[in-house]
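The primary structure of each chain is shown beneath.
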Amino acid sequence: GQVVAVESSDDLDAAIQGRRGAGIFETPLVIVDFYSNHCGPCVAMAPVFKALAANTPCALFCKIDCDESDDLARDHSITSLPTFKLFRRSSEAAVAPATGSTCIATVVGGGAQASQQLTEAIIANLTEEEKLVLERHKGSGAEASQLARLSKILSTDIEEVRALATKPLSKIDLAALSQSHSRAV
């Protein structure tokens, strides 16, 4: 997973509505780090946030620099830094701008306790399908390597990815899958 810089309300709305970096999930969990480069705890939490992103491929991680985007900070009632907010658009929800009311969890502060709270909030708000992907991603080194290879190989539709997601990685013939996709390209 990567960390995406968000600079405007439109960028944040696009992320929450699943129009930016959503991967295979139609309604991704979006974790937003409201930070400042002048904030010691924010700087200390940056590698934690990056590691969470790398280890949670089924979620979208965004950063909002409150010094550059003070309107977003104000819109989301940010009074302390760092603040982490989790968002998810429900599949039934109409497309609406991201507001504080769409936030499903908030973690404020830095340090070990905030890191633990953020990790727990992310896990608590993953769907069963996302938890399955997360478990596979956390698998053995060989499985993680296969997952990375599989994600590079695949440029396919959601239904095929979902079908593959239900198979153990050891049962997926990556070489055959790679050949079928290279012929299709």
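What comes next concerns the included structure. (Residues numbered from 1 in each chain as written. Predicted model: local features only at pLDDT ≥ 70, side-chain atom pairs only at ≥ 80, totals over all residues. Heavy atoms only, no water.)

1. A closer look at the overall build of the chain
Next, step 1: When helices and strands are counted, the chain shows 8 helices and 5 strands.
Next, step 2: Residues classed as buried in the chain amount to 42% of the 185 residues present.
Next, step 3: Look at the contacts in the chain between residues 6 or more apart in sequence, and 71% of them connect residues 24 or more apart. (Helix = DSSP H or I, 4+ residues; strand = E, 2+ residues; numbered from the N terminus. Buried < 20%, exposed > 50% of the residue type's maximum accessible area, 1.4 Å probe, protein only. Contact = heavy atoms within 4.5 Å.)

2. Comments concerning unusual backbone geometry
Next, step 1: Omega for the bond connecting Leu-81 with Pro-82 falls within 30 degrees of zero, at -10°, which places this linkage in the cis form.
Next, step 2: Its place among the elements puts Pro-82 in the loop between helix H3 (70-75) and strand S4 (83-87).
Next, step 3: With a phi angle near 55°, Ser-77 is a residue other than glycine that sits in the positive phi range.

3. Some points on the sheet that holds strand S2 (residues 29-35)
Sheet strands line up and pair through hydrogen bonds in the backbone, either parallel or antiparallel.
Next, step 1: On the basis of which strands lie adjacent, the open sheet formed by 5 strands has the order S1-S3-S2-S4-S5 and mixed pairing. Each edge of the open sheet carries a strand with a single partner, namely strand S1 (3-5) and strand S5 (103-108). This sheet shows a mean twist of 25° between the axes of neighbouring strands, independent of strand direction.
Next, step 2: Helix H4 (residues 111-124) rests against S2, strand S3 (59-65), S4 and S5 of the sheet, and its axis sits at about 165° to S5. (Pairing = 2+ DSSP bridges. Axes fitted to C-alpha atoms, helices over the stretch in contact; angles between N-to-C directions.)

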